[in-house]
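Geometric and topological summary
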Amino acid sequence: MTPLALATLNQHLLTALAAAPTETRRLFHGRGRCWPGLEQLTVDWLQGVLLVSLFKEPEAEQLAALRQLLTDLGSTPQWAASGARSLMLQHRYLPDSHGEWLLGQPVDSCTITEEGLRYQVDLGSKQNNGLFLDMRYGRNWVRANARGKNILNLFAYTCGFSVAAIAGGAERVVNLDMSRAALSRGRDNHRLNGHDTSRVSFLGHDLFKSWSKVKQGGPYDLVIIDPPSFQKGSFVLGKDYARVLRRLPELLTANGCVLACMNDPAFSVDFLLQGVTQEAPGLRFEQRLENPPEFPDADPQCGLKALVFRQGD
């Protein structure tokens, strides 16, 4: 983070805060490698809370300069106009992803809004806060295509896709994730939106040991696959994604649809296209969803990949 890079960041944040979004959005996406020297930094607007995330440890002088820039932000007219209350700098490169509050009072959790839907997020205690903002268009797509459908949401995390699906009129959603705590937060998210949770199931299981439970709820009109790149002891994207793809034909209805996602820059769109061709040849590719404009990337192959496939002719 050179002085020039930090000046770029400062101007970007001042411009963004001067017209702060009414909903949660990413304000700065350095990881897309569009701004030299800021590749390991992101800034999210959580409707009054500014979350600044560092993914690689900078030199001591650079970190001190960044802290000063962020602290000074609190005395600007743009900060006041935005309605911002607090700012946290999260050190994602540390094992505990330590967060330090540079402005305002610490906030353990808060409710945010995306496309009119509400989600509870945690701050300062976990690596991820509970909602991946780059998947906004994916959730929008599910919401627009959910009416009357039976949906399976694999690697559901805090059930963002499920919330979108029920809001879009889904008949039923089955969420599966190893983390029961994440699924509990998913149940909370549904309740935040006044949803009928009798239409939603929460399975806290290892997918590869639970195919029979998953099949009991099928067949599904839509299967959503949004796995982590790596989860110790349970999932490695490069070898385990194929194991999921080959089970799709037995999970889907005759005209069933799949939303297959991944966000590992080491794997291109071709990884998914070739994987589906080899493991589930009855599926045909329909489209790749666009990513939100606030997530620019110097190489589109490195950003989020969200591909839609459909079974049958």
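Since we're looking at a predicted model, the values are computed, not measured.

Quick notes on the nonpolar core
Grouped together as the largest cluster of nonpolar side chains are 31 residues, with contacts concentrated most on Leu 154, Ile 225 and Tyr 241. Look past the residues within four positions of Ile 225 in its chain and what remains in contact with it is Leu 154, Phe 155, Tyr 241, Val 244, Leu 245, Leu 248, Val 258, Leu 259, Ala 260 and Cys 261. If you look at the next biggest cluster of nonpolar residues, it comprises 28 residues, including Val 43, Trp 79, Ala 84 and Leu 89.

Re the packing of helix H1 (residues 3-18) against helix H2 (residues 60-73)
Where H1 contacts H2, the two axes come as close as 11 Å, and the packing angle between them is 20 degrees. Between H1 and H2, the interaxial angle falls into the category roughly parallel. Considering the relative orientation of H1 and H2, their crossing is right-handed. Along its contact with H1, which presents Leu 6, Leu 9, Asn 10, Leu 13, Leu 14 and Leu 17, the element H2 presents Ala 65, Leu 66, Leu 69, Leu 70 and Leu 73. Looking at side-chain class alone, the contact of H1 with H2 contains ten nonpolar, one polar and no charged residues.

Here's the deal with the side chain of Asp 177
When you line up the elements, Asp 177 lands in the loop between strand S9 (172-176) and helix H6 (180-192). Here Ala 156 takes part through its backbone nitrogen, which lies 3.3 Å from a polar atom of the side chain of Asp 177. A polar contact of 2.9 Å, which involves the side chain of Asp 177, links it to the backbone nitrogen of Ser 179.

Some words on the domain arrangement of the protein chain
For the protein chain, the domain assignment lists domain 1 (3-122) and domain 2 (133-311). For domain 1 versus domain 2, the distance between C-alpha centres works out to 28 Å. Each side of the interface is counted separately: domain 1 has 19 residues, and domain 2 has 20 residues. Roughly 1,800 Å² of surface becomes buried between domain 1 and domain 2 when both sides are summed, with 54% attributable to carbon and sulfur atoms. At the surface where domain 1 touches domain 2, the tally comes to four salt bridges.

Details of the sheet that holds S9
Hydrogen bonds along the backbone pair up the strands of a sheet, which may run parallel or antiparallel. Here we have seven strands laid out as an open sheet, ordered S10-S9-S8-S11-S14-S16-S15, and mixed in their pairing. Each having just a single partner strand, strand S10 (200-203) and strand S15 (283-288) make up the two edges of the open sheet. When strand polarity is set aside, the average angle formed by the axes of neighbouring strands in this sheet is 20 degrees. Bridge count between strand S14 (residues 252-262) and strand S16 (residues 305-311): six bridges; the pairing is antiparallel. Across the sheet, Val 258 pairs through a bridge with Phe 309, a residue of S16.

Here is what the cut-offs are and how they apply
Residues numbered from 1 in each chain as written. Predicted model: local features only at pLDDT ≥ 70, side-chain atom pairs only at ≥ 80, totals over all residues. Heavy atoms only, no water. Core = buried A, V, L, I, M, F, W, Y, C linked by side-chain atoms within 4.5 Å. Buried < 20%, exposed > 50% of the residue type's maximum accessible area, 1.4 Å probe, protein only. Contact = heavy atoms within 4.5 Å. Axes fitted to C-alpha atoms, helices over the stretch in contact; angles between N-to-C directions. Helix = DSSP H or I, 4+ residues; strand = E, 2+ residues; numbered from the N terminus. Parallel < 35°, antiparallel > 145°, perpendicular 65-115°, else oblique. Left-handed = near helix turned anticlockwise from the far one by under 90°. Nonpolar A, V, L, I, M, F, W, Y, C, P; charged D, E, K, R; others polar. Polar contact = N/O pair within 3.5 Å; in protein donor to acceptor, adjacent residues only side chain to side chain. Domains from an automatic or database assignment. Buried area = accessible area lost by both parts, 1.4 Å probe. Salt bridge = Lys/Arg side-chain N within 4 Å of Asp/Glu carboxyl O. Pairing = 2+ DSSP bridges.

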